[in-house]
Each structure stands twice: as C-alpha cells, then as structure tokens.
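What the coordinates show
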Amino acid sequence: MDSILLGALGEHYAAVYLRHNNYKIKSANFETYVGEIDLIALKDGVLRFIEVKTRQIGGMTDPADAVNIHKQENIKSSASIYMNSWAPEFEKFQFDIIEVFVDGKELQKINHIENAF
C-alpha cells in the first residue's frame, strides 16, 4: 500500500476513534500555505489540532517520531491561521498526535498522545 493510501486509512481510523470517544470533528485535512492539519476536533471545550501518523505493524520506529520540530512548527502556524479565521472564541487548545498501527488494511492499535508538543 502506498503512503497516500496508508495515510488516508489512518486518518479514517483516527476520526472513527475520536467520534467514538466523544470528540466533535471540526475539520479534516485543513490546508494552509505552510502545511496541513490532519484533524481538528473539539472535546470538553478544548480545540485539538491532531497529526495522524500511520504505520504497518512491526515497523522500526514509532509513528510519532516522524513529527519533527519542522512539522510541529508548520502545524502550529496552520493552527494559528485556523484559530484567527474560524475559531477565535477558543482560548484552550492543544496539539495531539494519534499513532495508528495497521496490518495490511486492518486496524491493530491506536495510541492517542495528548499535548504531544
């Protein structure tokens, strides 16, 4: 499976997980000139900007390791654009990572890292 399909599959599983855990998805694949935010969700008055990383089971590195400082800065800049334009009323926000582990196309495990950066 190519990386685009793997990423889309992981984002689907992450969105299902979030809905199942009482998050309200506000946006998916929010794009700006500096980057993209995979999912933006709301729970308990906190707006969460979520980076989803998907890997096949048995990989050599943790998916969250791919969210380097450059990627974090791009997400933060994109989040600022989102908040200024579409969500100025929110004072509480955080940046999460959701690691999705699959075997082929089958979900094996989800790891939600809250306040990851």
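Everything below is about the structure printed above this text.
Residues numbered from 1 in each chain as written. Predicted model: local features only at pLDDT ≥ 70, side-chain atom pairs only at ≥ 80, totals over all residues. Heavy atoms only, no water.

Side note on the nonpolar core
Formally: By convention a nonpolar core is built from buried Ala, Val, Leu, Ile, Met, Phe, Trp, Tyr and Cys residues, the set being connected through side-chain atoms within 4.5 Å. Throughout this description, buried means an accessible area under 20% of the type-specific maximum (1.4 Å probe, protein chains only), exposed means over 50%, and partly exposed covers the range between. Helix and strand assignments follow DSSP, with helices taken as H or I runs no shorter than four residues and strands as E runs no shorter than two, numbered in order from the N terminus. Throughout, a residue-residue contact means that at least one pair of heavy atoms, one from each residue, lies within 4.5 Å.
Counting 17 residues, the largest nonpolar core has Ile37, Ile40, Leu47, Phe49 and Tyr82 as the members making the most contacts within it. Contributing elements (two or more residues each) for this core: β2 (36-43), β3 (46-56), α2 (69-86) and β4 (93-103). Here the element with the most residues in this core is α2; it accounts for four residues. Residues within four places of Phe49 in sequence aside, it is in contact with Ile37, Leu39, Ile40, Ala79, Tyr82, Met83, Phe93, Gln94, Phe95 and Asp96.

Side note on the side chain of Glu11
Counted only if it meets this: By the counting rule applied here, Lys and Arg register as positive and Asp and Glu as negative, while His and the ends of each chain are not counted. We define a salt bridge as a contact between a side-chain nitrogen of Lys or Arg and a carboxyl oxygen of Asp or Glu at a distance within 4 Å. Pairing of N or O atoms within 3.5 Å defines a polar contact, subject to two protein rules: one partner must be a possible hydrogen donor and the other a possible acceptor, and residues neighboring in sequence count only if both atoms are side-chain atoms.
Positionally, Glu11 belongs in helix α1 (residues 3-20). Comment: no salt bridge for buried Glu11; closest opposite-charge side chain is Lys53, at 8.0 Å. A polar contact of 2.9 Å, which involves the side chain of Glu11, links it to the side chain of Asn29. With near-sequence residues (within four places) excluded, Glu11 lies in contact with Asn29, Asp38, Leu39, Val52 and Thr54.

Things to note about the layout of surface pockets
Empty space among the atoms becomes apparent when a probe as large as a water molecule is rolled across them. How we decide: Using only the protein atoms, space was sampled on a 1 Å grid; points where a 1.4 Å probe fits but cannot get out form cavities, open sets with protein on both sides within 12 Å along at least five of seven lines form pockets, and lining residues are those with an atom within 4 Å of a point. Grid points are joined across faces, edges and corners, and a volume is the space filled by probe spheres set on the points. Gly falls in the polar group here, along with every residue not listed as nonpolar (Ala, Val, Leu, Ile, Met, Phe, Trp, Tyr, Cys, Pro) or charged (Asp, Glu, Lys, Arg).
Approximately 200 Å³ is the volume found for the largest pocket. Residue lining of the largest pocket: Ser3, Leu6, Gly7, Glu11, Glu36, Asp38, Glu51, Val52, Lys53, Thr54, Arg55 and Lys71, and that is the complete set. Among the elements that line the lining of the largest pocket, the one with the most residues is β3, at five residues. Its residues assigned to classes, the lining of the largest pocket comprises two nonpolar, three polar and seven charged.

Comments concerning the side chain of Thr32
Assignment of secondary structure puts Thr32 in the loop between β1 (24-31) and β2. For Thr32, the side chain forms a polar contact with the main-chain nitrogen of Val34, separated by 3.2 Å. Contacts of Thr32, omitting those with residues within four sequence positions, involve Ser78 and Ile81.

Looking at the sheet that holds β3
Rules: Two strands form a pair only when DSSP identifies at least two bridges running between them. The axes used here are C-alpha line fits, helices contributing only the stretch in contact, and every angle between their N-to-C directions lies in the interval 0 to 180 degrees.
Spatially, β1-β2-β3-β4-β5 is the arrangement adopted by the five strands of the open sheet, whose pairing is mixed. Of all strands in the sheet, those bounded by a partner on one side alone are β1 and β5 (106-113). The sheet shows a mean angle of 30° between the axes of neighbouring strands, direction not considered. Here β4 pairs with β5 via seven bridges, running antiparallel. From the neighbouring strand, Phe101 faces β5, where its bridge partner is Lys109.

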